[in-house]
Amino acid sequence: MIKSMEHITASCVIGEGAVYRNGKLLFATPRPPAPPAPAAANPTAFLLSAYRHFDLQYPKFYKMDPLSRLGWITTELLLGPGWDTSIYRPEDIAIVLSNAHSSLDTDYRYNETIRDIPSPSVFVYTLPNIMIGEISIRHGIKGESAFFLSPSFDPLLLAGYTRLLLRQGIANAAIVGWVDVLGDEYKAALFLIEKTKDTDTPDFSPERMQAIFQNPTKPWM
Amino acid sequence: MNEVFVAGDNIVSPFGADTAENFSGLKLGLTGVDRHERPAMSNSPFYASLFAPAQFSSSIYTKFEQLLLTSIEDALRISGIRPAGAKTVLIVCSTKGNAHLLDEDANTPPENISLPASAARLARAFRFDAPPVVVSNACISGLLGMITGMRLIRAGLFENAVVTGADVISRFILSGFGSFQALSPGHCKPFDKDRDGINLGEGAATVVLSSRTEYNSGLRLRGGSVSNDANHISGPSRTGIELCQTIERSLLDAGAAKRDIGFISTHGTATAYNDEMEAKAITRAGLNHVPVNSLKGYYGHTLGAAGLIESIVTLQSMREGLILPSRGFEENGVTTPLNVATGLLSTPLTTCLKTASGFGGCNAAVVLGK
């Protein structure tokens, strides 16, 4: 009998003006003929073009800061229309995210509002885990969550912690990965981890996460 | 699964620089919360628990880092654990870390604010070999750090975890909570009918966890759980179902029964919504008869350090068999009343619960026990 093992059942990577899912390029802004800066160089402009391209419908998207927009849209495409959340109880799905720059991109922006009138709608986004809240609200996920900060993408920590949640019976599925925004720099790489007997999805390992993070067009299997 | 012992702990706050000093002040009914006039932080006077301006003002480390250094040093000394080697991990918890630097210079570069960079400096200062883990998960950061340490130890990835947390109150943070109309104009009153918002507070705390029996001081971190409301990013659940579920899961994780719980250290921020939700959750869990308090009237809301500070006070309560009164509480102000402690209560405690909730809809609970 084949034992259920943790697999990466989906991945979505967004960065440098392109969106990849499960090793395939889904969307990219046209290569700019010459400067001025292409839309890809600005997360707000690029995420808006991706939102429209994929015909996503979620008015709250417009209220979010760039970090939450990036996390939200990456999760939206990671799960796709096909993922049936109802096979899990809401409290059995975990979200484990990390980045290098916390909410600093919005911290600078909020700090600018203080002199004038401090803005509560900007202040609320000065915590990186707000993104977990946005994703949880969108998909009705009520399970374990954690937001870690690392100098760079740390698949050892993310895989280690997520494995522990899955193996200690704390979660049955997990959305795991990296979502970072600072100024014009942005990168997201999210992984859906499920226990499955299915062998046509990659094993869940830090090495595989690193490989997908670095080269999202690498063949899926 | 490995048991997780508390090998040492420390609180650095306006009350003092170790756990004992803090607890002595609390027993006397003192509070760190005071009225402050600090034009650099706020255009109008405000109530908060703050260090004196000259404290923690070295030029080598940021104020945030100095708080953590002071706290870690004492907790490590008490525990007798040496940080070197692959079996000991440092876990740093904070909501805003060095964001206080933005008060002085709005263009402070990212590398100077970076929490991972601070964690690396701390790890170097104490000669930790393992790379530090940084948790930034709003007001449950401290509890989530403890839960993370416990799980890493249980999984056998580490033998010891030094879980530390701090937050510094700044114009940035004060103005933000002010913009939400969340600040009390006086001393905060958790669970009271006249509660009108939070006091913010500064502090740091450290708990050293270990699976090694030679570090068994008689107290354990027995279990923990985290959940999300999936309801609103800046307001808690209307039902308390999710915090209730977290409480029940943490008990299950600890192998403890509800009847074992002798005391609950609540989050009790003294906002209308938080206290109402928490009371509903505790009632739903069938624990509304259990004595509870909120320490926010003493420390203010210490944000990323709150879960650690309040867990350590709970540990000290267990050592001394003493439940502290919930400062600022006079008359019940939640729809499902709790058994809020109003005087010093002398009682043996073997199993206690600590809860927290925060922005982003997050909830956490830990079970502390003998």
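All figures in this text were calculated on a predicted structure; none of them were measured in a lab.

Caption draft 1: Fine view of the interface of chain A and chain B. Between chain A and chain B, the residue contacts involve 41 residues of the former and 39 residues of the latter. When residues of the side of chain A that touches chain B are traced back to their parent elements, those giving at least two are α3 (104-114), α4 (120-123), α5 (130-139), β5 (145-149) and α6 (155-167) of chain A. Per element, the largest residue contribution to the side of chain A that touches chain B is six residues, and it comes from α5 of chain A. Taken together, the two bridges between β5 of chain A and strand β5 (residues 133-135) of chain B define a ladder with antiparallel strand orientation. Across the sheet, residue L149 of chain A finds its bridge partner in β5 of chain B, namely V134 of chain B.

Caption draft 2: How the structure looks around the domain arrangement of chain B. Residues and elements named next belong to chain B. Taken domain by domain, chain B holds domain 1 (5-215) and domain 2 (220-369). Each of domain 1 and domain 2 was reduced to a C-alpha centroid, and the two centroids are 19 Å apart. The interface of domain 1 with domain 2 comprises 54 residues on the first partner and 54 residues on the second. Taken together, the elements giving at least two residues each to the side of domain 1 that touches domain 2 come down to β1 (5-12), α1 (19-27), β3 (46-49), α6 (141-154), β6 (160-167), β7 (200-201) and β8 (203-210). Ranked by residue count, the leading element in the side of domain 1 that touches domain 2 is α6, at seven residues. Residues that form the side of domain 1 that touches domain 2 fall into these classes: 28 nonpolar, 17 polar and nine charged.

Caption draft 3: Structural view of the pairing of β3 of chain B. Residues and elements named next belong to chain B. Residues F46 and A48 line one face of β3 and the alternating positions Y47 and S49 line the opposite face, and both faces are buried. Judged from the four bridges that link them, strand β2 (residues 33-36) and β3 form a sheet pairing that is antiparallel. When the bridges of β3 are listed, H36 appears paired with F46. As paired elements, β3 and β7 share two bridges and run parallel to each other.

Caption draft 4: Spotlight on the packing of helix α2 (residues 63-79) of chain B against helix α5 (residues 115-126) of chain B. All names here are of chain B. Relative to each other, α2 and α5 sit at 35°, their axes nearing to 11 Å. As for the relative orientation of α2 and α5, their crossing is right-handed in sense. On the side of α2, the interface is formed by F64, E65, L68, L69, I72 and L76, while α5 contributes S118, R121, L122, A125 and F126. Residue composition of the contact of α2 with α5, by class: eight nonpolar, one polar and two charged.

Caption draft 5: Molecular detail of the packing of α6 of chain B against helix α11 (residues 306-320) of chain B. All names here are of chain B. The N-to-C vectors of α6 and α11 enclose an angle of 70°; their axes lie 5 Å apart at closest approach. Classified by the angle between their axes, α6 and α11 sit roughly perpendicular to one another. Across the interface between the two elements, S141, G142, L143 and M146 of α6 pack against A306, G307, L308 and S311 of α11. The class makeup of the residues in the contact of α6 with α11 is four nonpolar, four polar and no charged.

Caption draft 6: Seen up close, the nonpolar core. In terms of nonpolar packing, the biggest core is built from 186 residues, with A174 of chain A together with I91 and L209 of chain B touching the most fellow members. Mapping this core onto the domain boundaries places at least three of its residues in each of domain 1 (5-215) and domain 2 (220-369) of chain B. When residues no more than four places from it in sequence are discounted, the contact partners of A174 of chain A are I93, A94, V96, T162, L165, L166 and I193 of chain A.

Caption draft 7: Region of interest: the confidence of the model for chain B. On average, residues of chain B carry a pLDDT of 97, and 100% of them reach 70 or more. Confidence metrics for the complex model read pTM 0.97 and ipTM 0.98.

Caption draft 8: Spotlight on unusual backbone geometry. Residues and elements named next belong to chain B. Residues other than glycine seldom take positive phi values, yet A138 does so here, at roughly 55°. Mapped onto the secondary structure, A138 falls in the loop between β5 and α6. One non-glycine residue, L303, adopts positive backbone phi at about 55°. With respect to the element layout, L303 can be found in the loop between α10 (296-299) and α11.

Caption draft 9: How the structure looks around the sheet that holds β7 of chain B. Judged by pairing direction, the sheet is mixed, and its three strands sit side by side in the order β2-β3-β7 (chain B) without closing on themselves. Since the sheet does not close on itself, it has two edges, and those belong to β2 and β7 of chain B, each with one partner.

Caption draft 10: A look at helix α8 (residues 241-254) of chain B. Residues and elements named next belong to chain B. Given a rise of 1.5 Å per residue, 14 residues ought to cover 20 Å, and the 20 Å separating the end C-alpha atoms of α8 matches this to within 8%. With eleven of its 14 residues buried, α8 lies for the most part within the structure. Listed as buried for α8 are E242, L243, C244, Q245, T246, I247, R249, S250, L251, D253 and A254. Contact partners of the buried residues in α8: β9 (220-228), α9 (272-284), β15 (351-358) and β16 (362-369). With its phi angle positive at about 65°, G255 sits one or two positions after the end of α8.

Reading the values: the criteria
Residues numbered from 1 in each chain as written. Chains lettered and ligands numbered in written order. Predicted model: local features only at pLDDT ≥ 70, side-chain atom pairs only at ≥ 80, totals over all residues. Contact = placed C-beta atoms within 7 Å. Helix = DSSP H or I, 4+ residues; strand = E, 2+ residues; numbered from the N terminus. Pairing = 2+ DSSP bridges. Domains from an automatic or database assignment. Nonpolar A, V, L, I, M, F, W, Y, C, P; charged D, E, K, R; others polar. Buried ≥ 20, exposed ≤ 12 C-beta atoms within 10 Å, placed from the backbone. Axes fitted to C-alpha atoms, helices over the stretch in contact; angles between N-to-C directions. Left-handed = near helix turned anticlockwise from the far one by under 90°. Parallel < 35°, antiparallel > 145°, perpendicular 65-115°, else oblique. Core = buried A, V, L, I, M, F, W, Y, C linked by C-beta atoms within 7 Å. pLDDT = per-residue confidence, 0-100. Expected span 1.5 Å × (residues − 1).

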